[in-house]
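# Structural features, examined
The primary structure of each chain is shown beneath.
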Amino acid sequence: MNHIELMGAIVDTSLRYTPNGKAILDVTLAATADRGVWYQRVSMFGRMAERAADVDKGMVMHVAGRVTQERWEGKDGEKKNAVRVIANNAHVLGVDLPMEADKRGQLLLKNGLHRLTVISNLVRDIEVREAGDKRIAAGSVAWNENRKVNDEWESKPHYFDVVAWSDNPAFDALLNREKGDRILVNGELRTRSWEAQDGVRRWKTEVVASTAFLLLRTGDLQAVSTTKLDIDADPN
């Protein structure tokens, strides 16, 4: 299970139609945050897509939806994947909010919203590695998404790496967590890039956690003891 909320200024839109006439709109939202500037593309479908396509750039939009992962094989045979945010609903804000321009002159929302919640199982043990004068706790989570394809329901798995820096509460919460543990993570999506040894630039999107919690399963609840307290009435 995952849920994402975004609030940012619209910097780009792209509307297209499938062969059967279904509208698909890709909207890029952008805002500033404590960590810098973020840009996030969101996909909308049907009537929502057609209505949102008429909204001008620079307007502020709030989106609630979910995160999915698309996987395919490139022409060179290399397996590729991309993260996609699917909007469940979207609203345009009708108030003036503080904005600033990026290097391209695009308007960004100041102190926008980028919040992701994930409830999932770890598919590998948490590992700790050094990163300069800090440490990073890193693991991977997975969840299944049920979707209907050709009148048949199929389950599609999604895999994401989760990282937590040692200067936030999620780091301690993830320490010593193991494969199979069910966790709740609050954070945001972040994409980083680097140049690989073959000279090709690579991109990776991760869930950067700010807080994390271990979740108890039904069987675990039976092992939790409860103590009955007898509280005397106030004699006064």
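Let me sum up the structure you'll find in this document. (Residues numbered from 1 in each chain as written. Predicted model: local features only at pLDDT ≥ 70, side-chain atom pairs only at ≥ 80, totals over all residues. Heavy atoms only, no water.)

### With respect to the overall build of the protein
Summing up its helical and strand segments, the protein has three helices and 12 strands in all. Projected onto its principal axes, the C-alpha coordinates of the protein cover approximately 70 × 60 × 50 Å. Put simply, the protein has 236 residues, and 35% of those count as buried. Here the protein has roughly 15,000 Å² of accessible surface; of this, 47% comes from carbon and sulfur atoms. Once the 34 positive and 35 negative side-chain charges of the protein are each reduced to a mean point, those two points are 5 Å apart. (Helix = DSSP H or I, 4+ residues; strand = E, 2+ residues; numbered from the N terminus. Buried < 20%, exposed > 50% of the residue type's maximum accessible area, 1.4 Å probe, protein only. Areas by Shrake-Rupley, 256 points an atom, 1.4 Å probe, with all protein chains shown as cover. Lys, Arg positive; Asp, Glu negative; His and termini not counted. Charge placed at Lys NZ, Arg CZ, Asp CG, Glu CD.)

### Brief notes about the packing of aromatic side chains
Think of a pair of aromatic rings as described by two things: how far the centres are apart, and how the planes are tilted against each other in angle. Following the criterion strictly, the structure yields one aromatic pair and no others. Ring geometry for W143 versus F160: centroids 5.1 Å apart, planes at 10°, classification stacked. You can see W143 sitting in strand β9 (residues 134-149) and its partner F160 sitting in strand β10 (residues 152-165), a full 17 residues away along the chain. Just as W143 is buried, F160 falls in that class too. (Phe/Tyr/Trp six-rings, centres within 6.5 Å; stacked < 30°, edge-to-face > 60°.)

### Comments concerning the pairing of β9
Working note: regular strand, side chains alternate between the two faces of the sheet. Bridging between strand β8 (residues 113-131) and β9 involves eight bridges; their strand directions are antiparallel. Across the sheet, residue A131 finds its bridge partner in β9, namely K134. A loop of two residues connects β8 with β9, the two strands running antiparallel in sequence, and G132 in this loop sits at a positive phi of about 70°. Note that β9 and β10 share 14 bridges and pair antiparallel. By the bridge assignment for β10, K148 is matched with W153. (Pairing = 2+ DSSP bridges.)

### A look at the pattern of salt bridges
Considering all chains together, one arrives at 12 salt bridges under this definition. Across the pair R190 and E188 runs a salt bridge, and its minimum N-O distance is 3.2 Å. Within this structure, R124, E127, D161 and K204 form a network of salt bridges that share partners. (Salt bridge = Lys/Arg side-chain N within 4 Å of Asp/Glu carboxyl O.)

### Regarding the side chain of T117
Take T117: it is sitting in strand β8. There is a polar contact of 2.9 Å between the side chain of T117 and the side chain of N186. The residues touching T117, leaving out its near neighbours within four places in the chain, are M1, N2, H3, L184, V185 and N186. (Polar contact = N/O pair within 3.5 Å; in protein donor to acceptor, adjacent residues only side chain to side chain. Contact = heavy atoms within 4.5 Å.)

### Considerations on unusual backbone geometry
With a phi angle near 55°, N111 is a residue other than glycine that sits in the positive phi range. Tracing the backbone through its elements, the reader meets N111 in the loop between β7 (107-109) and β8. Classification of N111 by relative accessible area gives exposed; the value is 61%. With phi around 70°, N176 is a residue other than glycine that occupies positive phi space. Relative to the helices and strands, N176 resides in the loop between α2 (169-174) and β11 (182-195).

### Let's talk about the nonpolar core
In this structure, L29, M44, V141 and L174 are the most contacted members of the largest nonpolar core, which totals 41 residues. In terms of residue count, the dominant contributor to this core is strand β2 (residues 23-33) (five residues). When sequence neighbours within four positions are dropped, the list of residues in contact with M44 reads A23, I24, L25, V27, A49, A52, M61, V63, A87 and A90. (Core = buried A, V, L, I, M, F, W, Y, C linked by side-chain atoms within 4.5 Å.)

### Quick notes on the pairing of strand β3 (residues 36-45)
In the sheet, β2 pairs with β3 via 10 bridges, with the strands oriented antiparallel. From the neighbouring strand, T28 faces β3, where its bridge partner is R41. Where β2 folds back onto β3 in an antiparallel hairpin, the turn is made up of two residues. Pairing of β3 with strand β5 (residues 79-92), which is carried by two bridges, proceeds in the parallel orientation. In the sheet register, V42 faces β5, and the bridge partner there is V85.

### A short note on the environment of K110
Tracing the sequence through the fold places K110 in the loop between β7 and β8. Note on K110: relative accessible area 36%, which makes it partly exposed. Along the backbone, K110 and L97 are 13 residues apart, and their C-alpha atoms lie at a distance of 7.8 Å. Each residue touching K110, except ones within four places of it in the same chain, is listed here: T32, P98, M99 and E100.

Function-wise, these values are silent; they only describe arrangement.
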